[in-house]
Amino acid sequence: MEKLTFPKKKWIGKRVKRKEDLRLLRGKGQFTDDLDLPGLLYAGLVRSPYAHARIGRIDLSKVLERPGVVCTLTGDEVAELTSPVPNNLRAPYSEIEDYCMAVGKVRYAGEVVAAVVTEDKYLAEDVLDLVEVDYEPLDPVVDPEKAMESESPLVHENVPSNVVWQGKYEYGDLEGAFREADLVVKDRLYFHRFTSAPLETSVVVADYNDKQESFTIWSNSQRPMFNHRFVTQALRFPGEKIRYITPDIGGGFGVKNDSYPYVILLALLARKAGRAVKWVETRTEHMSASLHGNEVFYDAELAVRKDGTVLGLRARAVHDEGAYMRREPIGAINFIRHATVGYTFENLSMDLYCIATNKCPVGPNRSYGKMQQCFLVERLLDMAARRLKMDPVEIRHKNFVQPNQMPYETPTGCILDGGDYPGALKKALEMIDYQKVRKDQAKGRESGKYLGIGIALGMDACPVNSSIQRLMNPEAKASGDSEAAWVKIAPSGEISAAVGSSPQGQGHETVVSQIVADLLGVHPDDVYAVPGFDSAVNPYTPHSGTYASRFAIVGAGAVLGAAWKVRDKVLKIGAHLLGDVDVEQLDLEDGRVYLKETKDKSISLQDIARTAWVDLANLPEDVEAGLFAHYVYRPDFKLPKDDQRGNFSFTYSYAVTAAVVEVDVETGRVKILKLACVDDAGELLNPLIVEGQIHGAIGHQLGAALYERLIYDETGQLLTSSFKDYCAPTALDFPKFEVAYVDNPSLATPWGARGVGEGGGSPLIVVSSAVSDALEPFNVEIKSAHVSPEEVFRKLRDSLVLGSKSDARKPNNLND
């Protein structure tokens, strides 16, 4: 690992255009739904209209009478043919049964209860109406806090409670902190449920080879090899006989992490049908039954001195997990990686409750479980600043970890790997012209114009140390993270490379080519980076995939390690062929090995490659034939210090977002006038790609703050199950924004990079911060991560009814 730096940086750090774009923009991308195999069949899925019900008779007779119907599958068959997928919970909650289809009982509206396979994809949808299912409706469990009560109906009757996991994490002298406080800010905050909503929904194609007794699975999964163990365990099938292929992916953002229930289901259907079967998720299926982001209710207290020094934070967090714990409680416990964000307070208590309800399960969604903690801390800081009549900028400066304190250990044992939080905030404020906007705000209020200024620090630690699972379940035998890559120079001199990631727009083909080009002294266009993922071609580890902003660390590290191995071998063979010169005298540039000082002797990579593969008698005796290297990179992760503390990430990227909004107090409408995001991802491998990733994070999180929210009624019905009801914004809905960087290389990675692209939620958090600031004259505070016009209008109305308005102009229509 000591060699994992760049000998020179000719291409890394440059704004190299994405190699993938030429293929994708010309319509030559290969997506899973483009796959058309001989004899391909199509699956349609019958889904429950009830959130909670027992399943009685399932009558498929009318379906089977229809020409073109090949076979069907029900939960009873699934229970016979497969095992439940394991979860991360402690006993007895580890006994929760989670199959690829409802068995005996449905636990959320949209859960699969039967499958039909047909010759035609339209027929697969049409015949679903012919399936007759008898349901015995049960009382739905929708409110997570009511679900905690002993008299609540149980979502899973084989476990004693709907509180499927609970953990309390305490650090420092919390009682002392609250005893010393001049002010205690106490309030209830809410982080709403929304989803990733990628343009391409989930797609799975499964094919079973009866002669070889093997499966080939095509899917647009972000981490197919993570899904591998769940699929093999559920199918009771040898893992080495399942080949995974992931073509191009049309967006993921976390929601395509856990597609294994559908992979298991399609594998069963393919084996039963004896032919390949395809399933393409509809938008309504995606909204109601894929994964939702973490929904959290906080009851929190912040202890503060009158000078703004934060002494401690205490919170009870109730997580509405939905029906199954497919990844949870990872999202809940992810607080530990950002517990105090970038601030110095050391006293903390987080009391976490994970509650099963009759809703779609939750799981990864951009900045999974991390933006929630950042939202909690940032909103409490704003509330404290208001009560102390202090500028929100000042209270942050009072509590920031300073650059000269890095590396900094947080109370939870995480090691912040460098950064300049004050510098990033300063730059963001300059970008929105903070002092001028404050003056404009004061002047505008005199005439009934309500401007608000928001600031937010978000942190997104990456990659994850899987030993965090040990905090949820002491029996978990997991730690660290890893990624694999190979690099090859063929006998012809052609260079290729592959890595175990499954990118969804992150530009890995480009960055892999840049890394290899710098190591081997060639142009990135001379490097073929294998697109997508194929377990028969790409190297991989159990951690492989694209999630948690990990590529810039583990993906880049794996490629760098493999390229170094090939480089060393090239130089050794070159030294021998140039007349046994010292390897230290050689360098690589323009596709040739040459003497550094004189450059009068050189040999091409092509000639070296031919010798390595074909002219073996001319190789040095101690050199293995060929030019191929495989490398597995693993960050230097340690086991947790105890059951409360550990360094659960390798790098801690962060972003500061500042925004200026105008709130129309007549309608509650919020308009963003200015927005600036300052990011610190350390050394940027490709600034053009990084910028695109930040743009994506801003768009996704502004959308969640202003437009996107998944709403259930009291019967467990999702009211926002299509883009007609769920307002996913387009580019036309977003304001202009600026992006800038502070350059602070990571102290953890030898090449200085951090992960990037998730933002820790700062673009989302800044909206509630700015709207609260705009409505200060009305004594209104925004306590939800989602800011709708209706909510703003209601709060304004309630504020005036209660007589809490100060000297602000009264909106005309609030009398109505």
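Residues numbered from 1 in each chain as written. Predicted model: local features only at pLDDT ≥ 70, side-chain atom pairs only at ≥ 80, totals over all residues. Heavy atoms only, no water.

**Observations concerning the overall build of the protein chain**
When you go through the protein chain residue by residue, the secondary structure sums to 21 helices and 29 strands. Taken against the 2.2 N^0.38 rule, which gives 28 Å for 816 residues, the C-alpha radius of gyration of the protein chain at 28 Å falls within 12% of a compact globule. Based on the C-alpha atoms only, the size of the protein chain along its principal axes is roughly 90 × 75 × 50 Å. When each of the 816 residues of the protein chain is scored for burial, the buried share is 64%. Residue pairs in contact within the protein chain that sit at least 24 positions apart in sequence constitute 80% of those at least 6 positions apart. Counting every atom, the protein chain has about 30800 Å² of accessible surface; 49% of that belongs to carbon and sulfur. Distance between charge centres in the protein chain, computed from 94 positive and 114 negative side chains, equals 3 Å. (Helix = DSSP H or I, 4+ residues; strand = E, 2+ residues; numbered from the N terminus. Rg over C-alpha atoms; globule rule 2.2 N^0.38 Å. Buried < 20%, exposed > 50% of the residue type's maximum accessible area, 1.4 Å probe, protein only. Contact = heavy atoms within 4.5 Å. Areas by Shrake-Rupley, 256 points an atom, 1.4 Å probe, with all protein chains shown as cover. Lys, Arg positive; Asp, Glu negative; His and termini not counted. Charge placed at Lys NZ, Arg CZ, Asp CG, Glu CD.)

**Focus: the confidence of the model for the protein chain**
For the protein chain, mean pLDDT is 95; residues scoring 70 or higher make up 98% of the total. For residues 804-816, every residue scores under 50 in pLDDT, and the model assigns this stretch 30 contacts once sequence neighbours within four places are set aside. (pLDDT = per-residue confidence, 0-100.)

**Regarding the nonpolar core**
Nonpolar side chains tend to gather and get buried jointly when the protein is soluble and globular. Grouped together as the largest cluster of nonpolar side chains are 183 residues, with contacts concentrated most on Leu265, Leu313, Phe335, Met350 and Val771. Here the element with the most residues in this core is helix 8 (residues 260-273); it accounts for 11 residues. The residues contacting valine 771, other than those within four sequence positions of it, are Val661, Val663, Val670, Ile782, Val787 and Val792. Residues Ile573, Ile603, Ala612 and Ile689 belong to the second largest nonpolar core, which totals 60 residues. (Core = buried A, V, L, I, M, F, W, Y, C linked by side-chain atoms within 4.5 Å.)

**Considering a negative patch on the surface**
Together, Asp120, Glu125, Asp126 and Asp129 make up a negatively charged patch on the protein surface. Note that glutamate 125 resides in helix 4 (residues 121-126). Taking relative accessible area as the criterion, glutamate 125 reaches 39% and is therefore assigned partly exposed. (Patch = residues over 30% accessible without salt bridge, like charges linked within 9 Å, V, L, I, M, F, W, Y side chains within 5 Å. Salt bridge = Lys/Arg side-chain N within 4 Å of Asp/Glu carboxyl O.)

**Digging into the pattern of salt bridges**
If you walk through the whole model with that rule in mind, you get 54 salt bridges. Between arginine 193 and aspartate 320 there is a salt bridge, and its shortest N-O distance comes to 3.3 Å. Taken as a pair, arginine 193 in the loop between strand 8 (183-191) and strand 9 (203-209) and aspartate 320 in strand 14 (residues 310-322) lie far apart in primary sequence, 127 residues in all. For the pair arginine 193 and aspartate 320, a shared accessibility class is recorded, and that class is buried. Through salt bridges that share partners, Arg57, Asp59, Lys62, Glu132 and Asp134 make up one connected network.

**Side note on the packing of helix 19 (residues 687-706) against helix 20 (residues 762-774)**
Relative orientation and spacing of two packed helices are given, respectively, by the angle between their axes and the distance between those axes. Interaxial distance between helix 19 and helix 20 falls to 7 Å at its minimum, and their mutual angle equals 35 degrees. Handedness of the helix 19/helix 20 crossing: right-handed. For the pair helix 19 and helix 20, the contacting residues are Ala697, Ile698, Gln701, Leu702, Ala704, Ala705 and Leu706 in the first and Ser762, Pro763, Leu764 and Val767 in the second. Partitioned by chemical class, the residues of the contact of helix 19 with helix 20 number nine nonpolar, two polar and no charged. (Axes fitted to C-alpha atoms, helices over the stretch in contact; angles between N-to-C directions. Left-handed = near helix turned anticlockwise from the far one by under 90°. Nonpolar A, V, L, I, M, F, W, Y, C, P; charged D, E, K, R; others polar.)

**Re helix 7 (residues 224-235)**
For helix 7, with 12 residues, the first-to-last C-alpha span of 16 Å sits near the 16 Å given by 1.5 Å per residue. For helix 7, the tally of buried residues reaches 10 of 12 residues, placing the bulk of the element in the interior. Where helix 7 is concerned, the buried positions are Pro224, Met225, Phe226, Asn227, His228, Phe230, Val231, Thr232, Ala234 and Leu235. The inward-facing, buried residues of helix 7 contact helix 3 (75-81), strand 10 (214-219), strand 11 (242-246), helix 8 and strand 22 (533-534). Looking at the residues trailing helix 7, positive phi occurs at arginine 236, about 55 degrees. (Expected span 1.5 Å × (residues − 1).)

**So, the pairing of strand 27 (residues 649-663)**
Across the 15 residues that make up strand 27, a large majority, 14, are buried. Where strand 18 (residues 450-464) and strand 27 come together, 14 bridges link them in antiparallel fashion. In the sheet register, glycine 458 faces strand 27, and the bridge partner there is alanine 655. Bridge count for strand 27 against strand 28 (residues 670-680) is 10 bridges, and the pairing is antiparallel. Bridged to valine 661 within strand 28 is isoleucine 672. (Pairing = 2+ DSSP bridges.)

**What about helix 8?**
In this model helix 8 runs 20 Å from its N-terminal to its C-terminal C-alpha over 14 residues, within 8% of the 20 Å that 1.5 Å per residue would give. Where burial is concerned, most of helix 8 is hidden: 12 out of the 14 residues are buried. Looking one or two places after helix 8, you find glycine 274, whose phi comes out positive at around 75 degrees.

**Considering the packing of aromatic side chains**
On inspection of all chains with the given rule, the structure shows 21 aromatic pairs. Measuring from centroid to centroid gives 6.5 Å for tyrosine 208 and phenylalanine 237, while their planes differ by 70 degrees, and the two rings are edge-to-face. Pair noted here: tyrosine 208 is in strand 9 and phenylalanine 237 is in the loop between helix 7 and strand 11, with a separation of 29 residues, a long-range link. Judged on exposure class, the residue tyrosine 208 and its partner phenylalanine 237 are both buried. A connected cluster of aromatic rings, assembled from ring pairs, spans Tyr343, Phe400, Tyr421 and Tyr654. Sitting over the face of the ring of phenylalanine 226, arginine 223 holds its NZ or CZ atom 3.8 Å from the ring centroid. Here arginine 314 stacks its cationic end above the ring of phenylalanine 178, 4.0 Å away from the centre of that ring. (Phe/Tyr/Trp six-rings, centres within 6.5 Å; stacked < 30°, edge-to-face > 60°. Lys NZ or Arg CZ within 6 Å of the ring centre and 35° of its normal.)

**Brief notes about the sheet that holds strand 13 (residues 295-304)**
Taken in spatial order, the five strands make up an open sheet running 7-15-14-13-8, and their pairing is mixed. Two strands bound the open sheet, and with one partner strand each, they are strand 7 (163-171) and strand 8. Pairwise comparison of adjacent strand axes, ignoring direction, gives a mean angle of 10 degrees for this sheet. Alignment of strand 8 against strand 13, held across nine bridges, turns out to be antiparallel.

**Topic: the sheet that holds strand 23 (residues 586-589)**
Here three strands make up an open sheet; going across it, the order is 23-24-25 and the pairing antiparallel. Across the chains shown, the open sheet's two edge strands, defined by having one partner strand only, are strand 23 and strand 25 (602-604). Adjacent strand axes in the sheet meet at a mean angle of 20 degrees, parallel and antiparallel pairs treated alike. Inspection of the sheet shows strand 24 (residues 592-595) paired to strand 25 by three bridges, in the antiparallel sense. Bridge assignment links arginine 592 to a residue of strand 25, and that residue is serine 604. Of the strands in this sheet, strand 23, strand 24 and strand 25 touch helix 17 (residues 551-577), which is tilted by about 115 degrees from strand 23. Taken strand by strand, helix 18 (residues 605-613) contacts strand 23, strand 24 and strand 25, and its axis lies near 70 degrees from that of strand 25.

**Concerning the environment of arginine 229**
Locating arginine 229 in the fold gives a position in helix 7. What makes arginine 229 partly exposed here is its relative accessible area of 37%. Distance in space between the C-alpha atoms of arginine 229 and glycine 239 is 7.5 Å, their sequence separation being 10 residues.

**Structural notes on the side chain of serine 259**
With respect to the helices and strands, serine 259 occurs in the loop between strand 11 and helix 8. Judged by its relative accessible area of 9%, serine 259 falls in the buried class. Looking at serine 259, its side chain comes within polar contact range of the side chain of asparagine 227, at 3.3 Å. Setting aside residues no more than four positions away along its own chain, serine 259 makes contact with Ser221 and Asn227. (Polar contact = N/O pair within 3.5 Å; in protein donor to acceptor, adjacent residues only side chain to side chain.)

**Here's the deal with the side chain of serine 649**
When you line up the elements, serine 649 lands in strand 27. Only 2.8 Å separates the side chain of serine 649 from the side chain of arginine 337, close enough to count as a polar contact. Polar side-chain contacts of serine 649 include one of 3.3 Å to the backbone oxygen of proline 463. Not counting residues up to four positions away in its chain, the partners in contact with serine 649 are Arg337, Ala461, Cys462, Pro463, Val464, Asn465 and Phe637.

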